[in-house]
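Architecture and fold: a report
Listed here are the chains, written in short residue letters.
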Amino acid sequence: MKDVYSRGDQWRKDAGPVAAPTAANLFHSQRYTGGVLVLYALWTLVGDDTFRRIEHSFLHKYRNSSASTADYIAVASQVSGQDLSGFLNDWLYGTKTPRMPGHPDWTVTPPANSTAWKEEMHVPHDHASATL
């Protein structure tokens, strides 16, 4: 997780925030691994028991139906007994990676002016756009 965390600002620059992708980068690691990092940050903040109750409550409440990110934030806040909207909105929609709870020694590498997502996806720089 520490390595993923260190890439956060670069991924946000290349592909947009976790829950607000840029159209060109819908399948970037930010969507998947970045999402896992958000859940890890929440788990670290609220602890194992509360996190488990959040997950179970959310799945139970929205079983066989649709739910939004706002619905998840509302359930997390209700179950934890604290307003988590600011914390989760920063992680999900922020352009900078927030501090990781419980890990003050973790650092985020400043983004480079590159197209790192192309390298990550093994796309040659001169063939980065395609018409489908």
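Heads up: these notes are all about the structure in this document. Quantities reported herein were computed from a predicted structural model and do not represent experimental measurements. (Residues numbered from 1 in each chain as written. Predicted model: local features only at pLDDT ≥ 70, side-chain atom pairs only at ≥ 80, totals over all residues. Heavy atoms only, no water.)

Concerning helix α5 (residues 69-80)
Compared with an ideal rise of 1.5 Å per residue, which puts twelve residues at 16 Å, α5 spans 16 Å between its outermost C-alpha atoms and is within 8% of the ideal. Buried residues belonging to α5 abut α3 (29-46), α4 (48-61) and α6 (85-93). (Helix = DSSP H or I, 4+ residues; strand = E, 2+ residues; numbered from the N terminus. Expected span 1.5 Å × (residues − 1). Contact = heavy atoms within 4.5 Å.)

Quick word on the layout of surface pockets
Each pocket or cavity is described by its volume, and for the second largest pocket that value is around 160 Å³. Around the second largest pocket, the lining residues are V18, A19, G35, V38, L39, T69, Y72, L88 and L92. Counting residues per element, the ones that place at least two in the lining of the second largest pocket are α3, α5 and α6. It is α3 that provides the largest number of residues to the lining of the second largest pocket, a total of three residues. Taken together, the residues of the lining of the second largest pocket sort by class into seven nonpolar, two polar and no charged. (1 Å grid on protein atoms, 1.4 Å probe; cavity = no way out; pocket = protein on both sides within 12 Å on 5 of 7 lines; lining within 4 Å. Points joined across faces, edges and corners; volume = space filled by probe spheres on them. Nonpolar A, V, L, I, M, F, W, Y, C, P; charged D, E, K, R; others polar.)

Description of the packing of aromatic side chains
For the structure shown, the criterion picks out seven aromatic pairs. Between Y5 and W91, the aromatic rings sit 6.3 Å apart at their centres with planes inclined by 45 degrees, giving tilted as the arrangement. You can see Y5 sitting in helix α1 (residues 2-6) and its partner W91 sitting in helix α6, a full 86 residues away along the chain. Across this residue pair, the class does not change: Y5 and W91 are buried. Both rings, one in F58 and one in Y62, keep their centres 5.2 Å apart while their planes meet at 45 degrees; by these two values the pair is tilted. (Phe/Tyr/Trp six-rings, centres within 6.5 Å; stacked < 30°, edge-to-face > 60°. Buried < 20%, exposed > 50% of the residue type's maximum accessible area, 1.4 Å probe, protein only.)

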